[in-house]
Amino acid sequence: MEAPGATCLRSGIRICAVLFVTNNSLRRKLEKLSTFVSVTASPWMEVAIKVAILIQICLPSVVKSNNGVEETRKWRCQVSCTAQNIMEFAELIKTPRVDGVVLHRPFMPTVEGTLCLTGHHLILSSRQDNTEELWLLHANIDSIEKRFIGSLGTIIVKCKDLRVIQLDIPGMEECLNIASSIEALSTLDSVSLMYPFFYRPLFEVIEDGWQLFVPEEAFKDLESMTDEWRLSEVNKDFSVCPSYPSLLTVPKDIDDESLCKAASFRHGGRFPVLSYYHKKNGMVMMRAAQPLTGTNGRRCKEDEKLINATLCAGKRGYIIDTRTIAVAQQAKARGGGFEQEANYPQWRRIHKAIERSNVLQESLIKLVEACNDQSHSMDRWLSKLEASNWQSHVKEILTTACLAAQCIDREGASVLVHGTEGTDSTLQVTSLAQIILDPACRTIRGFEALIEREWLQAGHPFQQRCAQSAYSNGKPRSEAPVFLLFLDCVWQILRQFPCSFQFNENFLIMLFEHTYASQFGTFLGNSVGERVKLQLSQKTVSLWSWVNRPQEMERFLNPLYEPNNLVIWPSVAPQSLLLWEGVFLRWNRSTKCLDEAYQEMVHIIEYNKELQNKVNSLRRQLAQLETEDNPLQTP
Amino acid sequence: MEHIRTPKCVSKYVVEQVKLLDRFSNKSVTGTLHLTATHLIFVESNSTSAQEIWILHHHIASVEKLSLTTSGCPLLIQCRNFRVVHFVIPRERDCHDIYSSLLRLLRPVSYDELYAFSYNPKQNDQQREEGWQLIDLAAEFERMGVPCDQWQLTDVNREYKVCETYPRDLYVPITASKPIIVGSSKFRSKGRFPVLTYFYQEKKAAVCRCSQPLSGFSARCLEDEHMLQAISKSNHNSRYIYVMDTRPKLNALANRAAGKGYENEDNYSNIRFQFVGIENIHVMRGSLQKLLEVMGTRSLSMTDYLVGLENSGWLRHIKAIMDAAIFLARAVTVEGASVLVHCSDGWDRTAQVCALGSLLMDPYYRTIKGFMVLIEKDWISFGHKFADRCDQLDPDPKEVSPIFTQFLECVWQLTEQFPQAFEFSEWFLIQIHEHVHSCQFGNFLGNSQRQREDLQLKERTYSLWAHLLSEKQNYLNPVYSPSFAESHPVLEPSTQAYHFKFWRNMYHQYDRSMHPRQSILKHVLTLKESNRELEGTVQALKTKLQKFGVSTSPLKPQTPPRERSLPPRPQSLILGAPLLSRKEVQQEEDEEVIGEEAREDAPASTGGERTVEGNSATENGYGELKESFGSKNEPSVVTLEFGVARMTC
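Rules behind the numbers
Residues numbered from 1 in each chain as written. Chains lettered and ligands numbered in written order. Predicted model: local features only at pLDDT ≥ 70, side-chain atom pairs only at ≥ 80, totals over all residues. Heavy atoms only, no water. Helix = DSSP H or I, 4+ residues; strand = E, 2+ residues; numbered from the N terminus. Contact = heavy atoms within 4.5 Å. Areas by Shrake-Rupley, 256 points an atom, 1.4 Å probe, with all protein chains shown as cover. UniProt positions renumbered as here; feature names shortened; annotations may be inferred. Axes fitted to C-alpha atoms, helices over the stretch in contact; angles between N-to-C directions. Parallel < 35°, antiparallel > 145°, perpendicular 65-115°, else oblique. Left-handed = near helix turned anticlockwise from the far one by under 90°. Nonpolar A, V, L, I, M, F, W, Y, C, P; charged D, E, K, R; others polar. Pairing = 2+ DSSP bridges. Buried < 20%, exposed > 50% of the residue type's maximum accessible area, 1.4 Å probe, protein only. Polar contact = N/O pair within 3.5 Å; in protein donor to acceptor, adjacent residues only side chain to side chain. Core = buried A, V, L, I, M, F, W, Y, C linked by side-chain atoms within 4.5 Å. Domains from an automatic or database assignment. Buried area = accessible area lost by both parts, 1.4 Å probe. Salt bridge = Lys/Arg side-chain N within 4 Å of Asp/Glu carboxyl O. Patch = residues over 30% accessible without salt bridge, like charges linked within 9 Å, V, L, I, M, F, W, Y side chains within 5 Å.

- As annotated in an unreviewed UniProt entry, chain B carries the name Myotubularin-related 6 and comes from Labeo rohita.

The structure is reproduced here in structure tokens:
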């Protein structure tokens, strides 16, 4: 007969095992361990820790037999990490485990199994080998709802990736405990408690993503095209501009002192820096924050000199202010403002109307609500879609980006882009313009570099913007789907030029997911300065380290890709812009038919390549035979 | 202009220096306008791109002379295929001449004036006859398993005596005797009594169609009740039949005052009566008008677009038709019940619902041939009034309505949800739509079979179906999977509102700036064709190698090789398709030559020369800086025509 604690232990081991061990034979061995140990009814937590320690003890022998010493060290490190992890979160986890939980997901069969809470994950396993387990990062949970029917509790978990799942939990107390644990664990304030700090990769990092896109490298490329620019270390300790990186590309003729003065004239110290150099005609795109002209029209000679230095003699440039003139006027009262024509005679200012972050967040919430509306009424859907304004934002951002690209490529003029802070709409415009203009940005590497350059290093406050998503109940602080809107715009261009991008839609969706919840440290923090302080590059794994592995990359490759060196001008007519179903209807529709059709398309493309090769090799073979035969035939 | 293919002799009127304005941007091109007996032709003067626009007079819905501007006299032409062209003609007199000739030309008074009677695709009589024999409805009913022990062919309408607008051959329950049929027909509007249109063999359930009963407030007709009884009895799987009145209840009620109405459940045994709520032809006409008005707005904002889409109600109507068809398909396939469908006269909404319902139930109708059969059966033979609805002749504006367009759109909506279920792509649907209005082929002329026989269409005109089949490869859906039909014999589309989308490629098919600049469809279609050629090449090479005594492993064909070689693809059919350059054509021919090194990337190399369209920022509608930012390098976009006109030369 089995000891009472054995089942408990077995599942404890199992959970620890699945937590860290994907290697199946190892997993089986660990499960066998349970037969040797018998513990009397101890709480699961203790068991788990004990098991973790046990694994630590047992591992050397277990692993050595498989992969050698190096692996062992890695395993040990991982297990000890987890033991620590469990201790730290133990007090937040009131009920770590419930049996008989039923999981409902749209378009998937219900799963009954055991629900486990760990420091960073919500796990549901049916304990059958063939069914998929649910692993949900607590960080991915946007909000939860509780419902009770008798003693059966139901928790509806709404995720930041817009998925909604339902868990039926027998027992009111368990349900309440689980709910409050999830709430506590999904709203941890401290960054250093986030999962990336605990995550250890189960793959070998061949190419460290943290070192992939350094400003020096980008500058080398620039140097090969022009000598008008230099790399300034003025922001070395992040004191001139806390949201800028330590190295910045600025006009050669402007010294660091002038930069400091210009910085004091720009919101948040974000003085104009180079964003993009258009090789074709040498025009540039710069970005900055709003100038602090205030109500009395302050000016700053250094700022004027700085941006004039980017103009060729006799040329005019364009300043694209992402705000409407009215909004820009209002900003004056708060010390902000815009460039006065009188002080910037060589520049022509154009105002566009990209909305600010809180408006965008509201728009996202409304859009997702519309998409989740189960009513089948056509009018209701269209009016809700319209009321969300999401598509309008997409159109406006794309239009502004096209305008910037048009100024550079068609008009041969340099451009300066800014909004208020220069960390949101500005980056949407500058990065999209580069996708339109620069074929390199349409490759996977190039796109990663673009995100690194124009978003991460440029100081888009990812952590603030992505703290909550569309299901958040709380008052929005500075959350906003700025980056998601950018991805949506990229998707629109991808739809219109399906053969011009090396990556596919999945790549964009993956990026969206990782900005909100991830095992990687890439999107933690709000600026380079913060990331340095958090020591992310030492303590966490970079998303790029994982994505760039060939076996992962495969999922993100566009089979239709054919490099296209042209500037690609998307249509921004409302009829050409579509709702991004891959994100917003992702969990509300069955994609089986669409996926199969996609597979068929991939199959046709691959079969074509195969046939090409076959024909080539046969022809070569034939040609060879013919030359061999010729001497015999001719006489 | 010697290079123009316009035959000088036909050319009645030539105006030079005419400007063609783009509908959505400030772009314009200059060229020459030719007016011929059948077409209005615009030829761009710029010799490098030299785009030509051919507009068939029958396609023109309206011509409008706008007020004089400094650059000339503007002429706005709206077409039924949703093309809108805006010319500016330098001299007012020329403009007026063209305007008045067009007005005369686009209102033919007799059928003989229609293009179909002068169109000659250089076929002999035998080919023409074969074209007309392609679709055989008797064979179609046989395919469904009719006649059978419960359903038979009746000759009651052989002479069109019982119902003028029905075809001669009709299928009725075996137990429905002639007196019952005649009696029933007298109780139905326009004599359109219940007849079989689709037979679901698996459950022996029938889809029947008719017009509304002349029940008024209390009238009843025993023969009609017997007729429904007979339909019900012929299906042993179900004790009841559904009667679907596709109108909104209010409309049906209003009809009672005129002595028409709907079936009273008390008088008919075992019927389940159901209103579906599809609006009438007038509402649909207004809806499309509103839709086109909104979509034609320049620099349309996203808000106006979505509000306009909603206010037009167009997608709501599309969804209503789809809902009805789904209801029909479920009743038949799940419950195994027979269904009788009607509306008022039983030739508009009834045709939509029966055809779409059959398409959901039967994979055959999702093939190219099957779709033709479906249209021939539920639309042409059962008397959808194409002449009236499509405004072919002597127009009564109140009779015009986009009923058939809606049906095509419903099919398109389905292709979006089930990309592998259809043998054809949307260009097939669009091409059919084009020709429903072109009057180039005889199929859609007139309002009923009887009228078509009187017009001797089969002797005097050509069949569209033969024409479409001859260029079938342009309409293929490259990801079509026959095995999908096996696993999904019945389509069950979702009716969530967000699945219904605006069909840009139909309503903006000529507004090229709005389309994706690279077409996946075209790309994959080309690859698939290339795969077929390559398979042939591999075989040929192997045979050659075998002559040298080399044994080669047989290539496992992943797609069954086709037996016939493909006719050369007309260059212009698929929108977004680049014209093959002469060099490429040469290369494709070269491919047959064995022994040459294959180009490493043969189909991809087409990509090397593939133009990415829309390289002009100005045509995309964000030309904010129009005064100062003139676009300098327009791309050499050649407007591709749907090949309609070219056949005449």
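Still to come is the rest of the account.
### Section: the overall build of chain A
So, point 1. Looking only at helices and strands, chain A features 23 helices and 14 strands.
So, point 2. Of the contacts formed within chain A by residues at least 6 apart in sequence, a portion of 70% connects residues at least 24 apart.
So, point 3. Of the roughly 25700 Å² of accessible surface on chain A, a fraction of 52% belongs to carbon and sulfur atoms.

### A short note on the UniProt feature "domain: Tyrosine specific protein phosphatases" (unreviewed entry) in chain B
So, point 1. Under the UniProt annotation, the feature "domain: Tyrosine specific protein phosphatases" (unreviewed entry) is placed at residues 312-356 of chain B.
So, point 2. Annotated as 64% helix and 11% strand, the span residues 312-356 of chain B places its first and last C-alpha atoms 23 Å apart.

### Overview of the packing of helix 10 (residues 349-361) of chain B against helix 11 (residues 368-381) of chain B
Residues and elements named next belong to chain B.
So, point 1. Axis separation between helix 10 and helix 11 bottoms out at 10 Å; the angle between their running directions is 150°. Comparing the axis directions of helix 10 and helix 11 gives the class roughly antiparallel. Relative to helix 11, the crossing made by helix 10 is right-handed. Along the contact surface, helix 10 presents Ala351, Gln352, Cys354, Ala355, Ser358 and Leu359, while helix 11 presents Phe371, Leu374, Lys377, Asp378 and Trp379.
So, point 2. Considered class by class, the residues forming the contact of helix 10 with helix 11 number seven nonpolar, two polar and two charged.

### Some remarks on the pairing of strand 1 (residues 97-105) of chain A
Residue and element names in this part refer to chain A.
So, point 1. The pairing of strand 1 with strand 2 (residues 108-117) spans six bridges and is classified as antiparallel. In the strand pairing of strand 2, Arg105 is matched with Met108.
So, point 2. Linking strand 1 back to strand 2 in an antiparallel pair, the connection comprises two residues, with Phe107 at a positive phi of about 65°.
So, point 3. Relative to strand 7 (residues 164-170), strand 1 runs antiparallel, the two sharing three bridges. Across the sheet, the residue bridging to Val102 is Asp168, located in strand 7.

### Re the packing of helix 12 (residues 390-409) of chain A against helix 16 (residues 482-496) of chain A
All names here are of chain A.
So, point 1. Between helix 12 and helix 16, whose axes approach to 10 Å, the crossing angle comes to 75°. The angle between the axes of helix 12 and helix 16 places the two elements in the roughly perpendicular class. Contact with helix 12, carried on its side by Trp390, Gln391, His393, Val394, Ile397 and Leu398, involves Leu484, Leu485, Asp488, Cys489, Gln492 and Ile493 of helix 16 and no other residues of that element.
So, point 2. Classifying every residue of the contact of helix 12 with helix 16 by side-chain character gives eight nonpolar, three polar and one charged.

### A word on the sheet that holds strand 5 (residues 141-149) of chain A
Residue and element names in this part refer to chain A.
So, point 1. An order of 4-3-2-1-7-6-5 is seen for the seven strands of this open sheet, with the pairing classed as antiparallel. Looking at strand neighbours, the two that pair on one side only are strand 4 (134-137) and strand 5, the edges of this open sheet. Averaged over all pairs of adjacent strands, the angle between strand axes in this sheet comes to 30°, irrespective of strand direction.
So, point 2. Packed onto the sheet, helix 5 (residues 172-186) meets strand 1, strand 2, strand 3 (121-125), strand 5, strand 6 (152-159) and strand 7 and runs at close to 170° relative to strand 5.

### Observations regarding the side chain of Ser232 of chain A
Residue and element names in this part refer to chain A.
So, point 1. Relative to the helices and strands, Ser232 resides in strand 8 (residues 229-232).
So, point 2. The class of Ser232 is buried, set by a relative accessible area of 0%.
So, point 3. Of the polar contacts made by the side chain of Ser232, one reaches the backbone nitrogen of Val234; its length is 3.0 Å.

### Let's talk about helix 8 (residues 302-312) of chain B
So, point 1. Buried within helix 8 of chain B are the following residues: Met302, Tyr305, Leu306, Gly308, Leu309, Glu310 and Ser312 of chain B.
So, point 2. Directly after helix 8 of chain B, the chain includes Gly313 of chain B, whose backbone phi takes a positive value near 75°.

### Here we look at the sheet that holds strand 10 (residues 273-278) of chain A
Residue and element names in this part refer to chain A.
So, point 1. Pairing is mixed in the open sheet, where five strands are placed in the order 10-11-14-12-13. With one partner strand each, in any of the chains shown, strand 10 and strand 13 (347-351) form the two edges of the open sheet. The sheet shows a mean angle of 20° between the axes of neighbouring strands, taken without regard to direction.
So, point 2. The strands touched by helix 13 (residues 425-437) are strand 10, strand 11 (283-287) and strand 14 (415-418); relative to strand 11, the strand with the most contacts, the crossing angle is about 155°.

### Looking at unusual backbone geometry
The general pattern is negative phi for most residues beyond glycine and trans for most peptide bonds.
So, point 1. The linkage connecting Val146 of chain B with the following residue, Pro147 of chain B, adopts the cis geometry, with an omega of 0°.
So, point 2. Take Pro147 of chain B: it is sitting in the loop between helix 3 (137-144) and strand 8 (151-154).
So, point 3. The phi angle at Gln535 of chain A is positive, at roughly 55°, despite the residue not being glycine.
So, point 4. Judged by its relative accessible area of 36%, Gln535 of chain A is partly exposed.
So, point 5. One non-glycine residue, Cys439 of chain B, lies in positive phi territory at about 55°.
So, point 6. The exposure class assigned to Cys439 of chain B is buried, which follows from its relative accessible area of 2%.

### Concerning the nonpolar core
Soluble globular proteins tend to pack their nonpolar side chains together in the buried interior.
So, point 1. Core analysis: the biggest nonpolar cluster contains 253 residues, and Phe447, Leu511 and Phe584 of chain A together with Phe371 and Phe407 of chain B have the highest contact counts within it.
So, point 2. For this core, the leading source of residues is helix 9 (residues 314-333) of chain B, giving 13 residues.
So, point 3. What Phe407 of chain B contacts, discounting residues up to four positions off in sequence, is Gln352, Ala355, Leu356, Phe371, Leu374, Ile375 and Trp379 of chain B.

### What to know about the domain arrangement of chain B
Residue and element names in this part refer to chain B.
So, point 1. Annotation of chain B at the domain level lists domain 1 (13-107) and domain 2 (136-508).
So, point 2. Between domain 1 and domain 2, the C-alpha centre-to-centre distance is 37 Å.
So, point 3. Listed per partner, the contact involves eleven residues of domain 1 and 18 residues of domain 2.
So, point 4. Per-residue buried area on domain 1 facing domain 2 is highest for Phe24, Arg80 and Phe82; these three make up 48% of the total on that side.
So, point 5. Our count for the contact surface shared by domain 1 and domain 2 stands at one salt bridge.
So, point 6. In this structure, the salt-bridge partner of Asp391 is Arg80, at a minimum N-O distance of 3.0 Å.
So, point 7. One can count five residue pairs in polar contact (both at pLDDT 80 or more) joining domain 1 with domain 2.
So, point 8. Each residue belonging to the side of domain 1 that touches domain 2 can be placed in one class, and the counts come to three nonpolar, five polar and three charged.

### Focus on a nonpolar patch on the surface
So, point 1. On the surface, Phe148, Met172 and Leu176 of chain A cluster together into a nonpolar patch covering about 250 Å² of accessible area.
So, point 2. With respect to the helices and strands, Leu176 of chain A occurs in helix 5.

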